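Now for the letters of each chain:
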Amino acid sequence: MPIAYPSQRVAYPYFAIALLLFVLQIVFGIWIASNYAFNLPQGLVDVFPFNFARPIHTNLLVLWLLLGFMGSTYYMIPEESGRDLFSTKLAYLQLVILVGTGVAALVGFVLRWTSGRPLLEIPFTLDILVVIGALIFLFNVGLTLIRARKWTVTQGSLLGGLVFLALLYLFDLPFYRNLTIDWYYWWWVIHLWVEGAWELVAAALTAFLLMKITGVPRATVEKWLYVELGLFLFTGIAGTGHHYYWLGAPHYWIWVGGVFSALEPLPIILMLWDAWKHVKERQIPMASPLVFLYAVGMAIYHVIGAGFWGFVHTLPPINYYTHGSQVTVSHGHVAFFGAYVLLNLTFFYYAVPRLKGFTKFNERPGRIGFWWMSLTMMGMGLAFGVAGVLQAYIERVMGFGFMTAQAQMQFWFQILVFFGLSMLAAVAYTVANILTLKPSPVAGGSGNDLKKTS
Amino acid sequence: MSPKAARAIFYLGTLISLILFLALTVDTHRQVQTLTHADQLSDQVVSGKRVWQKYNCNDCHTILGFGAYYAPDMTKVYWRRGAEGIRAMVKNPELYTTWRKMPNQHVSDKEIDDLIAFFKWTSEIDNNNWPPQDAKLRATERKVVALGVSSGAVLFQEKGCFGCHKLFGTGVTVGPELTHVGGRLDHNTIEKILDNPRSVNPKATMPQIPLSHEQRDQLADFLTGLK
Ligand code: HEM
Ligand code: HEM
Ligand SMILES: [Fe+2]
């Protein structure tokens, strides 16, 4: 069944731009990894120094994931509320503002224009444009919902997550005199995003997809959605304390952060259980095995990267040795990939064919892309992880100092560059596939299957 | 589970966590005043923080363990390197970096003064003894100094000589280990080196560390005793 509301089409340019930025993000990842892996001459590394190439890698990640979420929201809201979007013009205007700001930020980094705070490097002037773009988005979505007068828990979770996300961003705006306070609020953006607001968005988009592809009744899906949201917020809000152990904040954060964040895997595991159960008890035939593969794969990967990897180093006695090491980077990659990269790709594989007017397509390239990216990310997580454990042991336990440890870790960064190249190929392959999907009479089939059945 | 129970879990869970978190935030603001010695948070320290942000140092270095992981953590760099060690590194990194390079960012002298004030203030933040290697280093330095107890030994730690020299296996090896320096150099030469390293060895890269005549004398006394 193709789309029911013409305004859903605004989602497509969001998806297409997001996917192109994804490829660019990987290119910069490989450059900064090469800085680690090889002793490049000063003249070469100074062309694009690490501290301005890294923000390009991370800001592109955040930008494309957010564009993906926004596109997905524009796709989902009309179907959920039974009404076209309030304004497609505003949706396009918002896209232009946000992408324009993104491009300005990237050019700015090349010219060394920065606010100087990791992951939130974009300067104040551009922050204002981001806020304007976000306000247009919330206004557009909000007015659509108000006009439709139909409220569902799924919509509520989505809108709640998006408003929460936008409000938290405001804590990025001031200049903080005290370094400890600065990082205290930095985590209100970073942690409360990925372990709070974004999880609400993820839970809502997943619930929507599950209802669509499994036909499990809304009442059942939304009941579990409530429980998941409750557990996410219960563990995630006070769980922010797992970043306050070594910050110069009061000692009790070691207890509050340790206990609450140790519970954070619970809602993630519940989400896997929930998706698994709905998939097994589906009421309608499996229209697209690929979307099921992605949906279940995403739930499992979410548990591995965020739930398992996060749990291991959130315990204060371990975090004392791994804090701010490559162990953190390993977790950051596997968690972001498992939770939010796969979520976006799942949604794209569901929505893009429908936006183009069909539901059945050759799914073989999609499957290859899924396994190729997923296994490569395991390899990257392993390379970062081994480097991180070496670092924790040599630098911190033995006390040999930073550079001594780095020398022992270099081999693993060379492995990382290898996986990085594999990731670039896998991502380019998947992106090309999504952007060129064509209808085919049988879903899931390869060319061979087509011949057999016809 | 009934839908009603599910909703109750949502409202209760969210509310409890939120109230706890906001209450602790208020208390944290109160306690951070003492934990970070906010009374010593001078305008110069704040200017130093602005310099830190202006050059985006934090996307190579971590501080308090946050940021990028490409270069050493800066939380306790003042303990490791001292004012002059930091100045030397930021002004002429090409002389001191090893195989992974820190670029020369042409930071002005005033900006470096501000940075040093910022790092000094940061090193005093009471953050549960993190990072472990610096906490350990400081503890052993104190022990090594206690063996000497002379005022020269105390200066050796306070002026950041450990940031480039080892004593009895503790410290960093940018310069030579000084455990037996008294066997190599006499009092006068050491004083000269401290006054101006290039006066003895024209190619010396050791920075000129501001010391009074008396301090130079005390340090030389301490070092000539090490044979
Ligand atoms: C989808 C969810 C998640 C994502 C995308 C994510 C991502 C990240 C990233 C990018 C960082 C590094 C931030 C930085 O310092 O630059 C980080 C740090 C951390 N995460 Fe997660 N995370 C997620 C969930 C979790 C969960 C559920 C836990 C705990 C159970 C957890 C535990 C931690 C801890 C303890 C750190 C701090 C590491 C350190 O001390 O250096 N994370 N996370
Ligand atoms: C889906 C793909 C990717 C995602 C989601 C991703 C995400 C991230 C995130 C969240 C960070 C910040 C980490 C932190 O602060 O803890 C980061 C940094 C980094 N990424 Fe990626 N990345 C991806 C692909 C790559 C690739 C392919 C490479 C290269 C092989 C790479 C290399 C790096 C490096 C070297 C850093 C800097 C870590 C540091 O400061 O030491 N990334 N990436
Ligand atoms: Fe967190």
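Residues numbered from 1 in each chain as written. Chains lettered and ligands numbered in written order. Predicted model: local features only at pLDDT ≥ 70, side-chain atom pairs only at ≥ 80, totals over all residues. Heavy atoms only, no water.

The name an unreviewed UniProt entry assigns to chain B is Cytochrome c, from the organism Tectimicrobiota bacterium.

Under an unreviewed UniProt entry, chain A has the name Cbb3-type cytochrome c oxidase subunit I and belongs to Tectimicrobiota bacterium.

**Examining the overall build of chain A**
Our working definition: Secondary structure follows DSSP: runs of H or I at least 4 residues long count as helices, runs of E at least 2 residues long count as strands, and numbering of each begins at the N terminus. Note on classification: 1.4 Å probe, protein chains only; a residue is buried when its accessible area is under 20% of the maximum for its type, exposed when over 50%, partly exposed between these limits. Two residues qualify as a contact provided that any one of their heavy atoms is within 4.5 Å of a heavy atom in the partner residue. Here the Shrake-Rupley method, with its probe set to 1.4 Å, supplies the accessible areas, and only the displayed protein chains count as covering residues. A positive count includes Lys and Arg, and a negative count includes Asp and Glu. His and the chain ends are not counted in either. The location of each charge is read from NZ of Lys, CZ of Arg, CG of Asp or CD of Glu.
Tallying secondary structure elements over chain A gives 16 helices and zero strands in all. Dimensions of chain A along its principal axes, counting C-alpha atoms only, are 65 × 50 × 40 Å. Counting every position in chain A, which comprises 454 residues, the buried fraction comes to 63%. Here the contacts in chain A between residues at least 6 apart in sequence split such that 83% fall between residues at least 24 apart. Total accessible area computed for chain A in this model is approximately 16200 Å², and 74% of it derives from carbon and sulfur atoms. In chain A, the 25 positive side-chain charges and the 18 negative ones have mean positions that sit 11 Å from each other.

**Overview of the coordination of the iron atom of ligand 2**
Residue and element names in this part refer to chain A. Stated precisely, the cut-off is as follows: Only nitrogen, oxygen and sulfur atoms within 2.8 Å of the metal, or 3.2 Å for Na, K and Ca, are treated as donors, and water is left out, so sites may look incomplete. When four donors show all angles between 85 and 135 degrees the site is tetrahedral, when four or six donors have opposite pairs over 155 degrees and all other angles between 65 and 115 it is square planar or octahedral respectively, and in every other case it is irregular.
Surrounding the iron atom of ligand 2 are the protein donor atoms His 57 (NE2) and His 333 (NE2), which sit 2.0 Å from the metal. One can describe the site at the iron atom of ligand 2 as octahedral: its six donor atoms subtend angles covering 88 to 179° at the metal. With His 57 in helix H3 (residues 50-81) and His 333 in helix H13 (residues 326-355), this pair connects stretches of sequence that are 276 residues apart.

**A word on the interface of chain A and chain B**
Much of the literature gives interface size as the accessible area that the parts lose upon coming together. What counts, and what does not: Here the quantity called buried area is the total loss of accessible area, with a 1.4 Å probe, experienced by two parts when brought into contact, counted for both. Any carboxyl oxygen of Asp or Glu that lies within 4 Å of a side-chain nitrogen of Lys or Arg is treated as forming a salt bridge with it.
The interface of chain A with chain B comprises 74 residues on the first partner and 69 residues on the second. When chain A packs against chain B, close to 6300 Å² is buried across both sides, 65% of that on carbon and sulfur atoms. Considering only the side of chain A, the residues that lose the most area to chain B are Arg177(A), Leu179(A) and Tyr226(A), jointly responsible for 11% of the buried surface there. Taken together, chain A and chain B are joined by three salt bridges. Residue Lys49(B) pairs with Asp182(A) through a salt bridge whose shortest N-O separation is 2.6 Å.

**Examining the site of ligand 1**
All names here are of chain A. Heads up, the condition is: Note on terminology: near, applied to a residue and a molecule or strand, indicates that one of the residue's heavy atoms is within 4 Å of it. Identification of polar contacts relies on pairs of N or O atoms within 3.5 Å, with a donor-acceptor requirement for protein atoms, meaning one able to donate a hydrogen and the other able to accept it, and with residues adjacent in sequence counted only if both atoms are side-chain atoms. Here the nonpolar group is Ala, Val, Leu, Ile, Met, Phe, Trp, Tyr, Cys and Pro; Asp, Glu, Lys and Arg are the charged ones; every other residue, Gly included, is treated as polar.
In the region of ligand 1, 28 residues are neighbours, and Asn 319, His 323, Gly 324, Thr 328 and His 331 sit closest. In this structure, Asn 319 approaches ligand 1 through a side-chain N or O atom, which is 2.9 Å from an oxygen atom. Of the residues contributing to the shell around ligand 1, the split by class is 12 nonpolar, 13 polar and three charged.

**Here we look at the environment of Thr25(B)**
Tracing the sequence through the fold places Thr25(B) in helix H1 (residues 3-35). By relative accessible area, Thr25(B) is classed as buried at 5%. Measuring from C-alpha to C-alpha, the distance between Thr25(B) and Val46(B) comes to 23 Å, with 21 residues separating the pair along the chain. Look past the residues within four positions of Thr25(B) in its chain and what remains in contact with it is Tyr184(A), Tyr185(A) and Trp188(A).

**Digging into the coordination of the iron atom of ligand 1**
For the iron atom of ligand 1, the protein supplies a single donor, His331(A) (NE2), at a distance of 2.0 Å. Secondary-structure assignment places His331(A) in helix H13.

**Thoughts on helix H5 (residues 109-123) of chain B**
Condition: By this rule, a helix spans an expected 1.5 Å times one less than how many residues it contains.
Compared with an ideal rise of 1.5 Å per residue, which puts 15 residues at 21 Å, H5(B) spans 21 Å between its outermost C-alpha atoms and is within 8% of the ideal. Within H5(B), 11 of the 15 residues are buried, which leaves the element mostly enclosed by the surrounding structure. By the burial criterion, the buried members of H5(B) are Glu111(B), Ile112(B), Asp114(B), Leu115(B), Ile116(B), Ala117(B), Phe118(B), Phe119(B), Trp121(B), Thr122(B) and Ser123(B). The inward-facing, buried residues of H5(B) abut helix H7 (179-214) of chain A together with helix H2 (43-54), strand S1 (62-63) and helix H3 (77-91) of chain B.

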